[in-house]
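# Coordinates in review
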Amino acid sequence: MSPRAAWRLESIGFTEVYDYVAGKADWGSAGLPLEGTRGSETRVGAYLRRDVPTCQLDERLSDVCIRVRAAGWDTCFVVNEAQIVLGRLGRTTLAREDDVSVEEAMSAGPSTVRPSVTLDQAVERMRRQNLNTLPVTTSEGRLLGLLERDAAERALRELNRNSARALSEGSQA
Amino acid sequence: MPNPIDRDDVQRLVAAGAQLVEVLPAAEFEEEHLPNAINIPLKELDREATRQLKRGRPVIVYCHDYQ
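Scope of this entry: the structure provided in the associated data block. Fair warning: this is a prediction, and the values are worked out from it, not measured in the lab.

Rules used throughout
Residues numbered from 1 in each chain as written. Chains lettered and ligands numbered in written order. Predicted model: local features only at pLDDT ≥ 70, side-chain atom pairs only at ≥ 80, totals over all residues. Heavy atoms only, no water. Contact = heavy atoms within 4.5 Å. Buried area = accessible area lost by both parts, 1.4 Å probe. Salt bridge = Lys/Arg side-chain N within 4 Å of Asp/Glu carboxyl O. Polar contact = N/O pair within 3.5 Å; in protein donor to acceptor, adjacent residues only side chain to side chain. Helix = DSSP H or I, 4+ residues; strand = E, 2+ residues; numbered from the N terminus. Nonpolar A, V, L, I, M, F, W, Y, C, P; charged D, E, K, R; others polar. Pairing = 2+ DSSP bridges. Expected span 1.5 Å × (residues − 1). Buried < 20%, exposed > 50% of the residue type's maximum accessible area, 1.4 Å probe, protein only.

### Here's the deal with the interface of chain B and chain A
If you look at the interface, chain B gives 40 residues, while chain A gives 36 residues. Counting each side, the surface lost to burial between chain B and chain A is near 3900 Å², with a carbon and sulfur contribution of 63%. Among the residues of chain B in contact with chain A, Pro2(B), Arg7(B) and Glu32(B) are the three that bury the most area, contributing 19% of the side total. Summed over the shared surface of chain B and chain A, the number is 6 salt bridges. Of the charged contacts, one joins Arg38(A) and Glu31(B) as a salt bridge, the two residues approaching to 2.6 Å between their closest N and O atoms. Applying the counting rule to chain B against chain A returns 25 residue pairs in polar contact (both at pLDDT 80 or more). Contributions of two or more residues to the side of chain B that touches chain A are made by strand 1 (3-5), helix 1 (7-15), helix 2 (26-31) and strand 4 (59-62) of chain B. Its residues placed into classes, the side of chain B that touches chain A shows 21 nonpolar, 7 polar and 12 charged. Of the pairings in the sheet, the one linking strand 1 (residues 17-20) of chain A to strand 4 of chain B comprises 4 bridges and is parallel in character. Residue pairing across strands places Tyr18(A) opposite Ile60(B), the latter belonging to strand 4 of chain B.

Encoded structure:
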């Protein structure tokens, strides 16, 4: 649709026309703000824990374990210098005492979601796949944060309550 | 010929004064759009509708995705 619009603008006489072909789906998937009636509170991006720990491939697992546990976490994401997610260290791995590299110990290619996914879709997926957390990345794979199931379910209940209240008030008006 | 651009280009051009135009129908625009975008649905895109755009500034059009 936007290529035709761009050509049409040129035919009208606009001389500097650009086509953002990936559009607002791409914008939202990068965690960038959108305006409108839908509201960002219905999206996963509003409920991330952004302080999730990260480490590099060449670090020693034992060093990472100490750091992650001290910060009160039981998971850690393996990223490169551009914050692209390469793997994950889960609870079991972080309990190991082996002197190995992060690269040897990690689970590669963890499943991720985009921040533009709706909260109800994310919660449904976590329930279906029995997941307690979901890592959230941009469409390029850059880590944005972690969605925790408990927090997501609480937020969804609140959203549904507010939505039901608004409907009820609307029907009484 | 219109130039295809990516997200980084959008941010750079908007910071330099480009105008953002969403060409989806009004209901979709109302629901969600890029900050400071205006709405001119493709079906309504003509000389009259574009009078609200400034001729001397770049224009960026977008829709939902590659459709």
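### A few points about helix 7 (residues 149-172) of chain A
Residue and element names in this part refer to chain A. For helix 7, which comprises 24 residues, the first-to-last C-alpha distance of 34 Å matches the rise-based estimate of 34 Å (1.5 Å per residue) to within 8%. Regarding helix 7, the residues found buried are Arg-149, Ala-152, Glu-153, Ala-155, Leu-156 and Leu-159. The inward-facing, buried residues of helix 7 abut helix 6 (119-128) and strand 7 (143-148).

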